[in-house]
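# Remarks on the overall topology
Residue strings, one per chain:
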Amino acid sequence: MTEQKAPGAEKKRPADPYESASLLSKLFFLWTGDLLAVGASTSLDSSHIPECSKMDESSQLVDRLMYHWDNTDKSSPHRLFFAMVKTFAPDYGWLGLILLFETPLRIYQANLLGYLVNYFFDEPPSSISIYNDGYILSAMLVSASIIVVFCHHQYFFRGNRMGMQMRVALSGALYNKSVKLHLRSLSKTATGKIVSLASQDVEILQFAGLFSHFIYVPLIEAAAILYVGVQEVGISFFFGFVAILLMVPMQSFFSGLISKNRKMTASHTDERIKLVNQALMGVRVMKMNGWELAFKDLVQSVRTLEVASLMRTNYLKAINEAIFFSAPNVVACIVWVAYVRMGHEITPKKMFTVLSLLVIIQLSFTKVRRMCLMWCDCTYICICVLVCAS
């Protein structure tokens, strides 16, 4: 007789396809094909979602974090930070190699673009023969672009995954801590505060997993671009490079203001959630005494402060974005004015090569590194809040 399953029996979920995927499948993300094919033909339910990977399981992530937490100096104010580093640095550190491999390819793309433009404008040929063939230059440019795309997506996939692992580990650690609190400590800790920590503050770590390597990679990239740019147009490129560097402390200042506003917003959010939680717990007493309007005004005043802090943060972000979008035109103008005033003539090759280099360094310094500093500041505040809560 064939065994009949109960009507409500749960179907066995498929195994994680990533663990058994080949290198080619991981490189092209082919391991997602089965799930995408099922989603294209029918509505997805829980039985279609693959099993969680062993390296992403919350139990082992929390155990690793708690092990390093217990073995870290209890008197250190950076105890949680050191525990996080010991837990995730071995798996996270090598991701920087992907960015370091991508950096010279992006710079080489700028040079190839200049040689290709030089080929179409019938400028004097290069001493290197392959740079005088349009087909070879086009093939090399496309190949470099494809490799950069692969590196970019592989880094962001793994960075997102690592950030999610950090988030899961800290959420599990918060849960373990909360269920072990003494009644005296529990009476002093609002439920809304714990929910806010697990839902908002811990979420920041996912972005920190993406951008942490951009603390040092743009510096290496800047040194290489400065060398190539000076070789191309001389000292005038240095003037534009200095202009970009002057934008860095300006954006660091705005990032510091954003992190301060983030801390202020977090305190207002905790206060609002605490008040709403108290209102829900004492709703009968509040209704009997007619305190609804007074409590509404109290919650609304805290919410007004929270919204004002969020608005200030958005204004600061808008200023940073304005600096980012205006930087290429300003820097290019500085470079070419200095180059012409020195008695040189602008050629299409120099124009395209230098503009490409400026776009790369401008993106790295005034966009990606700014986001890196902002999220690292927010992560530091998040860790400080979590340490105080623990």
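Reference entry: report on the structure contained in this document. Since we're looking at a predicted model, the values are computed, not measured.

It is worth spelling out the side chain of Gln154 at this point. Locating Gln154 in the fold gives a position in helix H7 (residues 134-179). For Gln154, a relative accessible area of 8% corresponds to the buried category. Of the polar contacts made by the side chain of Gln154, one reaches the backbone oxygen of Lys26; its length is 2.9 Å. A polar side-chain atom of Gln154 sits 3.1 Å from the main-chain carbonyl oxygen of Leu27. Those residues in contact with Gln154, other than ones at most four positions away along the chain, are Lys26, Leu27 and Phe29.

On to the packing of aromatic side chains, then. Tallied over the full model, the rule gives 12 aromatic pairs. Each ring, one from Tyr155 and one from Phe214, has its centre 5.8 Å from the other, and the planes form 90°; the classification is edge-to-face. Placement of the pair is Tyr155 in helix H7 and Phe214 in the loop between helix H10 (204-211) and helix H11 (217-233), with a sequence separation of 59 residues. With respect to class, Tyr155 is no different from Phe214; both count as buried. Note on Trp336 and Tyr339: the rings are 5.8 Å apart at their centroids and 85° apart in plane angle, and the pair reads as edge-to-face. Linking Trp336 with Tyr339, this pair stays in helix H14 (residues 292-341), spanning three residues, or about one helical turn. The rings of Tyr18, Phe29, Trp31 and Phe157 are connected pair by pair, giving a single aromatic cluster. Between Arg79 and the ring centre of Trp69, over which it is positioned, the NZ or CZ distance is 3.8 Å. Just above the ring of Tyr115 sits the side chain of Lys349; from NZ or CZ to the centre is 4.5 Å.

Scoring rules and cut-offs
Residues numbered from 1 in each chain as written. Predicted model: local features only at pLDDT ≥ 70, side-chain atom pairs only at ≥ 80, totals over all residues. Heavy atoms only, no water. Helix = DSSP H or I, 4+ residues; strand = E, 2+ residues; numbered from the N terminus. Buried < 20%, exposed > 50% of the residue type's maximum accessible area, 1.4 Å probe, protein only. Polar contact = N/O pair within 3.5 Å; in protein donor to acceptor, adjacent residues only side chain to side chain. Contact = heavy atoms within 4.5 Å. Phe/Tyr/Trp six-rings, centres within 6.5 Å; stacked < 30°, edge-to-face > 60°. Lys NZ or Arg CZ within 6 Å of the ring centre and 35° of its normal.

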